[in-house]
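# Tertiary structure, described
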Amino acid sequence: MKPLLKLFTTTAVATATTLSALASSYAASCTNDSWNKIQDRGKLVVGIKEDTKPWGFIDTDGNLVGMEADMAQEVADMLGVELELVGVQSSNRMQLLEQGYIDLMIATMSDRDDRRKIVGAVLPNYYTSGTNILAPKALGFKDWSELEGKTVCGKQGTFYNKIIEERYGATVVAFTGNAEAKQALRNKRCVAWVFDDSSIAADLASGEYEDFEMPLQTEDDNPWALAVPIGERDCIFGRFMAGMQYEWLRTGHLLELEKKWGIQESAFLVKQKDRFKDWLED
């Protein structure tokens, strides 16, 4: 064999052997337990918020509904299985996924480094929001610094409670649910409710908060992530959900769901639709 040909052949064999070893290692690391469980029982169990209208909430008939409930249904339909929705809170959503009570979490979760160490956050991110406050118009807040020394209502499990206390000197009283926190605000137990600007905007659009406003500049914009069990993030289930999110963004379908649920059009989703646009379209 000529030296050059022998070199190419030897290199090709070595490369093929290496790729085969990597593939075997990858396959061994992916048990795909959740994926197999879903297929075997013919049902997908998804955790969504139960108190964050209009993304996930309990309607007057006692059903869990909302934009993220619709997303969960589409995942189940694509898998060809039944859907079971489980109401979750910010304080327990990661634990329920980690402990196997739910297969998938689509629950307005901000994508942060510390959370990626607990659950399998799947990219691309499907939504985003920042931090703001809902406050009585009569108080006339203009700047975050005005919260210093004041009591602010919050939600257990949200990362910005600590930020508001450390950055602006407010005292955050955290409640289990959004409804409790907003009722405390109405009862004047706090001067404002700190939460996602997207959710506050939906509350203001509902007509139920005519004496309130979102007066401050939104801070700490943070993308949202849905999550699978951390061990399946880079395996079949995680890759499947990555594909679902890509299609939702590429087609602008989430913009359609925003419109259905009365959510103000998101600049993030408009940008993502343009980002993933087929360059041969039009």
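What counts, and where the lines are drawn
Residues numbered from 1 in each chain as written. Predicted model: local features only at pLDDT ≥ 70, side-chain atom pairs only at ≥ 80, totals over all residues. Heavy atoms only, no water. Helix = DSSP H or I, 4+ residues; strand = E, 2+ residues; numbered from the N terminus. Buried < 20%, exposed > 50% of the residue type's maximum accessible area, 1.4 Å probe, protein only. Contact = heavy atoms within 4.5 Å. Areas by Shrake-Rupley, 256 points an atom, 1.4 Å probe, with all protein chains shown as cover. Pairing = 2+ DSSP bridges. Disulfide = S-S within 2.5 Å. Axes fitted to C-alpha atoms, helices over the stretch in contact; angles between N-to-C directions. Parallel < 35°, antiparallel > 145°, perpendicular 65-115°, else oblique. Left-handed = near helix turned anticlockwise from the far one by under 90°. Nonpolar A, V, L, I, M, F, W, Y, C, P; charged D, E, K, R; others polar. Core = buried A, V, L, I, M, F, W, Y, C linked by side-chain atoms within 4.5 Å. Right-handed = clockwise from strand over helix to strand, strands pointing away. Phe/Tyr/Trp six-rings, centres within 6.5 Å; stacked < 30°, edge-to-face > 60°. Lys NZ or Arg CZ within 6 Å of the ring centre and 35° of its normal.

Our next topic: the overall build of the protein. When you go through the protein residue by residue, the secondary structure sums to 11 helices and 14 strands. Counting all 282 residues of the protein, 47% fall into the buried class. Partitioning the intrachain contacts of the protein with sequence separation of at least 6 by distance along the chain shows that 68% fall at a separation of at least 24. Surface summary for the protein: the accessible area is close to 14,400 Å², and the carbon and sulfur share equals 52%.

With that out of the way, let us pick up the sheet that holds strand β3 (residues 56-58). Overall, antiparallel pairing links the three strands, which are arranged β2-β3-β4 in an open sheet. Here the strands that pair on one side only, and so sit at the sheet edges, are β2 (51-52) and β4 (64-65).

Before going further, it helps to spend a moment on the state of the cysteines. Following the criterion strictly, the structure yields two disulfides and no others. Here C30 connects covalently by a disulfide to C235, the sulfurs 1.9 Å from one another. Of note, the bridge from C30 to C235 carries an S-S torsion of about -80° and is left-handed in sense. Of this pair, C30 sits in the loop between α1 (3-29) and α2 (33-41) while C235 is found in the loop between β14 (227-228) and α9 (236-251), placing the two residues 205 residues apart along the sequence. Neither residue differs from the other here; C30 and C235 are each classed as buried.

Our focus in this paragraph is the side chain of T131. Tracing the sequence through the fold places T131 in strand β8 (residues 127-136). Beyond its immediate stretch of four places on either side in the chain, T131 contacts W144, Y160, I164, V194, F195, Q217, T218, E219 and D220.

Turning next to the packing of helix α3 (residues 67-79) against α9. At a minimum axis separation of 12 Å, α3 and α9 run at an interaxial angle of 120°. When the interaxial angle is binned, α3 and α9 end up oblique. Crossing handedness for the pair α3 and α9: right-handed. Touching M71, E74, V75, M78 and L79 of α3 are F240, M241, M244 and W248, all from α9. Classifying every residue of the contact of α3 with α9 gives eight nonpolar, no polar and one charged.

Turning to the nonpolar core, a few remarks are in order. Core analysis: the biggest nonpolar cluster contains 37 residues, and L44, L104, M241 and L254 have the highest contact counts within it. Considering each element in turn, this core owes the most residues, seven residues, to α3. If sequence neighbours within four positions are ignored, L254 has contacts with M67, M71, Y126, W248, L249 and L269. Listed in part, the 28 residues of the second largest apolar core include L134, I164, F195 and I200.

Our next topic: the pairing of strand β9 (residues 151-155). With four of five residues buried, β9 lies mostly within the body of the structure. Direction of pairing for β9 relative to strand β10 (residues 171-175): parallel, over a ladder of five bridges. Counterpart to T151 in the pairing with β10 is T171. Read from β9 through helix α6 (residues 160-168) to β10, the crossover connection turns out right-handed.

Time to look at helix α8 (residues 197-205). Looking at α8, one finds that the buried residues are D197, S198, S199, I200, A202 and D203. Buried residues along α8 sit in contact with β2, β8, α7 (178-186), β11 (192-196) and β13 (219-224). Of the residues flanking the end of α8, it is G207, one or two places downstream, whose phi is positive at about 85°.

In the structure shown here, the tally under the stated rule is 13 aromatic pairs. Measuring from centroid to centroid gives 6.2 Å for Y126 and W224, while their planes differ by 75°, and the two rings are edge-to-face. Within this pair, whereas Y126 is found in the loop between β7 (120-121) and β8, its partner W224 is found in strand β13, the two being separated by 98 residues in sequence. Given the relative accessible area of 1%, Y126 is considered buried. Here the aromatic rings of Y209 and F212 are separated by 5.8 Å at their centres, their planes lie at 75°, and the arrangement is edge-to-face. The exposure class of F212 is buried, given its relative accessible area of 11%. An aromatic cluster of three or more residues is present, and its members are W55, Y126, Y127 and W224. Its guanidinium or amino end placed over the ring of F159, R112 lies 3.9 Å from that ring's centre, counting from NZ or CZ. Here the guanidinium or amino end of R186 rests over the ring plane of Y209, the centre of that ring lying 4.3 Å away.

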